[in-house]
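Fold and contact review
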Amino acid sequence: MMVYMMNAFDIKSTKMDVLSISLHTSDLFDLEDVLVKLGKKFQESGVVPFVLDVQEFDYPESLDLAALVSLFSRHGMQILGLKHSNERWAAVAMKNHLLFCLTHSENVKEPGQVEVRKTEDGQKARKTVLITSPVRTGQQVYAEDGDLIVTGAVSQGAELIADGNIHIYAPMRGRALAGAKGDTSARIFIHSMQAELVSVAGIYRNFEQDLPDHLHKQPVQILLQDNRLVISAIGSE
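Residues numbered from 1 in each chain as written. Predicted model: local features only at pLDDT ≥ 70, side-chain atom pairs only at ≥ 80, totals over all residues. Heavy atoms only, no water.

Here's the deal with the overall build of the chain
- What the chain contains, in helices and strands, is three helices and 16 strands.
- Burial status across the chain gives 41% buried among its 237 residues.
- Taking contacts inside the chain between residues at least 6 apart in sequence as the whole, the part at least 24 apart equals 40%.
- Carbon and sulfur atoms make up 51% of the accessible area of the chain, which totals about 14,200 Å². (Helix = DSSP H or I, 4+ residues; strand = E, 2+ residues; numbered from the N terminus. Buried < 20%, exposed > 50% of the residue type's maximum accessible area, 1.4 Å probe, protein only. Contact = heavy atoms within 4.5 Å. Areas by Shrake-Rupley, 256 points an atom, 1.4 Å probe, with all protein chains shown as cover.)

Next comes the structure, spelled out in structure tokens:
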């Protein structure tokens, strides 16, 4: 008798519409008034997922995040994550069981963000986001309309997303999704390949077992060829 072993679960790339709430006040009473005026708009649509953008607040201590999440939830608005350009908010997000999305303000150049330049023909060049600290389990970093460079280790359960290329100059044990808006020319470069999932332009591969020795824990590049993912050792022909 043949016995077939099935995986307990599979990890697949997916896209989900998530709205963003840009928070302008920490006053729960003012927020309650606005949500009441919205009436049953979101309750009737089911639970709608949101990311809470708290860029206007400098310090996590200035917000009662647990109360805010609870308030929005009562009105049918489920908060899944937190957005801010300062990494100090990551610990607060994790404490409240939220994803953390590291963003960069358009008005203030944060350390680690490379300035957007113009090409010779006057077109806007692709910007680059540089992350020098480790990316820990549960954290998410997104380089919108640009490339992402990470020099710190990326833990299992962490997620890197870029609309352009992704470069990781450290052990990579999490998920890397390049070309998030469909750029099929995007590539992923990894110094030490131990990723649990990689994706380019929505075409993904997850890794339940280690790669061959010439790829596992080795420098690799990942790209699309003929609509399939190709993983090759850097320097190989």
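Following the structure, the description resumes.
Notes on the pattern of salt bridges
- The final tally for this structure, using the stated rule, is six salt bridges.
- Taking the shortest distance from any N to any O, the salt bridge between Lys181 and Asp163 comes out at 3.5 Å. Here Lys181, found in the loop between strand E11 (175–178) and strand E12 (188–193), pairs with Asp163, found in the loop between strand E9 (159–162) and strand E10 (166–172); they are 18 residues apart in sequence, far enough to count as distant. (Salt bridge = Lys/Arg side-chain N within 4 Å of Asp/Glu carboxyl O.)

Topic: the confidence of the model for the chain
- Taken over all residues, the pLDDT of the chain has a mean of 80, while the share at 70 or more is 78%.
- Contacts of residues 105–124 to residues separated by more than four positions or lying in other chains number 24 contacts, the stretch itself having pLDDT below 50. (pLDDT = per-residue confidence, 0-100.)

What about the pairing of strand E15 (residues 220–225)?
- Counting buried positions along E15 yields five of six residues, so the element is predominantly enclosed.
- Note that E12 and E15 share three bridges and pair antiparallel. The residue of E15 that forms the bridge with Ile190 is Val220.
- Pairing geometry for E15 and strand E16 (residues 228–233), over six bridges, is antiparallel. Bridged to Ile222 within E16 is Ile231.
- Counted between consecutive antiparallel strands, the loop separating E15 from E16 contains two residues, among which Asp226 sits at a positive phi close to 55 degrees. (Pairing = 2+ DSSP bridges.)

Overview of the environment of Thr137
- Inspection of the secondary structure puts Thr137 in the loop between strand E6 (127–131) and strand E7 (139–143).
- The spacing of Thr137 and Ser155 is 18 residues in sequence and 5.4 Å in space, taken between C-alpha atoms.
- Dropping the residues within four chain positions of it, Thr137 is found in contact with Met94, Ser155, Gln156, Gly157 and Ala158.

Concerning the packing of helix H1 (residues 28–38) against helix H2 (residues 65–74)
- Closest axis-to-axis distance for the H1/H2 pair is 10 Å, and the angle between their directions is 15 degrees. In terms of axis orientation, H1 runs roughly parallel to H2. Classified by chirality, the crossing of H2 by H1 is right-handed. Where H1 abuts H2, its residues Leu28, Leu31, Glu32 and Leu35 lie against Ala67, Leu68, Leu71, Phe72 and Arg74.
- Of the residues contributing to the contact of H1 with H2, the split by class is seven nonpolar, no polar and two charged. (Axes fitted to C-alpha atoms, helices over the stretch in contact; angles between N-to-C directions. Parallel < 35°, antiparallel > 145°, perpendicular 65-115°, else oblique. Left-handed = near helix turned anticlockwise from the far one by under 90°. Nonpolar A, V, L, I, M, F, W, Y, C, P; charged D, E, K, R; others polar.)

Here's the deal with the pairing of strand E3 (residues 77–84)
- Relative to strand E4 (residues 99–102), E3 is paired through four bridges, and the arrangement is parallel. What sits directly across from Lys83, in E4, is Cys101.

Observations concerning H2
- Within H2 the residues assigned to the buried category are Leu65, Leu68, Val69, Leu71 and Phe72. Seen along its axis, H2 keeps its buried residues to an arc of 160 degrees; they face one direction.
- Downstream of H2 by a residue or two, Gly76 has a phi angle that is positive, lying close to 80 degrees. (Arc of directions from axis to C-beta.)

Quick word on the side chain of Gln140
- Mapped onto the elements of the fold, Gln140 is located in strand E7.
- Looking at Gln140, the relative accessible area reads 16%, which means it is buried.
- One polar contact links Gln140 to Glu159, side chain to side chain, over a distance of 2.7 Å. (Polar contact = N/O pair within 3.5 Å; in protein donor to acceptor, adjacent residues only side chain to side chain.)

Examining unusual backbone geometry
- At His97, a position not held by glycine, the phi torsion is positive, near 60 degrees.
- Mapping His97 onto the fold places it in the loop between helix H3 (89–95) and E4.
- The exposure class assigned to His97 is exposed, which follows from its relative accessible area of 74%.
- Backbone geometry places Asn227, a non-glycine residue, at a positive phi of 65 degrees.
- Within the secondary structure, Asn227 is located in the loop between E15 and E16.

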